[in-house]
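Okay, here's what each chain looks like letter by letter:
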Amino acid sequence: MFDEALQDLTTALQINPSYTYAYNNRGNVYWTKNQIPEAIEDYTKALELDNKYGNAYMSRGICYHQQKEFRKAVVEFSKAIKYTGKARAFCSRGRSFELLGKKLEALKDYEKALSLQPDYALAKKNLRILRETEPDLESAA
């Protein structure tokens, strides 16, 4: 199934090498196949074609996060926030901040994610765990 999708997207890119969404979607297929360097390469190509494509920044951030390159992930998620403003981008950046030891920034991002999407279960869970493990954090805010 994924190999067929890769083939179809590659064909689409041979026909139209400026097809931003095909690069992004092929990156998603590579990511699903755990071919992270290839996914990053395609997200980067999508961003070269459209440097305001928030979903590609989000996806590249996820790849960097998985590779434990949390500083790079924060940069990507920040760009995703700029161009999409989605709760998921705030939650993802919050998790990267948390793993960098930047707990207050993480707290703010989780809270912002929940202000945008109050029923966002992952943001609720991350915020709850952060508050439980860092009880003095609220007073530092």
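Along each chain, the written sequence defines residue order, and numbers are assigned to residues from 1. Where totals are concerned, whole chains, interfaces and linings use all residues; where local detail is concerned, this predicted model gives features only for residues with pLDDT of at least 70, and gives and counts side-chain atom pairs only at 80 or more. Each side-chain value is derived from all of the structure's non-hydrogen atoms; neither hydrogens nor water enter the calculation.

## Brief notes about helix H5 (residues 70–84)
We count a stretch as a helix when DSSP gives it H or I for four or more residues in a row; a strand needs E for two or more, and each element gets its number in order from the N terminus. Helix span, as expected, comes to 1.5 Å for every residue beyond the first. If you check H5, its first and last C-alpha atoms are 20 Å apart, about what 15 residues at 1.5 Å a residue would give, namely 21 Å. Categorising residues by exposure relies on relative accessible area from a 1.4 Å probe, with only protein chains included: less than 20% of the type maximum marks a residue as buried, more than 50% marks it as exposed, and the intermediate range marks it as partly exposed. Buried within H5 we find Phe70, Ala73, Val74, Glu76, Phe77, Ala80 and Ile81. Buried residues belonging to H5 abut helix H3 (36–49), helix H4 (54–66) and helix H6 (87–99). In the stretch just after H5, glycine 85 is the one whose phi turns positive, near 65°. Contacts are assigned to residue pairs that have any heavy atoms within 4.5 Å of one another.

## Points about the side chain of serine 59
Its place among the elements puts serine 59 in helix H4. Its relative accessible area of 13% is what places serine 59 among the buried residues. Every residue in contact with serine 59, bar those within four places of it in the chain, is listed here: Asn24, Asn28 and Tyr43.

## Some remarks on the packing of H6 against helix H7 (residues 103–116)
Between H6 and H7, whose axes approach to 8 Å, the crossing angle comes to 165°. When the axes of H6 and H7 are compared, the pair comes out roughly antiparallel. Along this stretch, H6 crosses H7, giving a crossing that reads as left-handed. Taken together, the residues of H7 that come into contact with H6 (itself represented by Ala87, Phe90, Cys91, Arg93, Gly94, Arg95, Phe97 and Glu98) are Lys103, Glu105, Ala106, Asp109, Tyr110, Lys112, Ala113 and Leu116. Of the residues belonging to the contact of H6 with H7, the class tally is 8 nonpolar, 1 polar and 7 charged. Orientation is described by lines fitted to C-alpha atoms, with helices fitted over the stretch in contact, and by angles between N-to-C directions that extend from 0 to 180 degrees. Orientation is classified from the angle alone, with under 35 degrees giving roughly parallel, over 145 giving roughly antiparallel, 65 to 115 giving roughly perpendicular, and any other angle giving oblique. Two helices cross in a left-handed way if the nearer one is turned anticlockwise from the farther one by less than a right angle. They cross in a right-handed way if the turn is clockwise. Gly falls in the polar group here, along with every residue not listed as nonpolar (Ala, Val, Leu, Ile, Met, Phe, Trp, Tyr, Cys, Pro) or charged (Asp, Glu, Lys, Arg).

## Quick word on the environment of alanine 106
Mapped onto the fold, alanine 106 is located in helix H7. For the pair alanine 106 and lysine 52, spaced 54 residues apart in the sequence, the C-alpha separation amounts to 24 Å. Discounting chain neighbours no more than four positions away, the residues touching alanine 106 are Gly94, Phe97, Glu98 and Leu130.

## Considering unusual backbone geometry
One non-glycine residue with positive phi stands out, namely asparagine 34, at about 60°. One can find asparagine 34 in the loop between helix H2 (20–32) and H3. Given the relative accessible area of 58%, asparagine 34 is considered exposed. Phi at lysine 68 is positive, roughly 65°, even though this residue is not glycine. Position of lysine 68 among the secondary structure elements: in the loop between H4 and H5.

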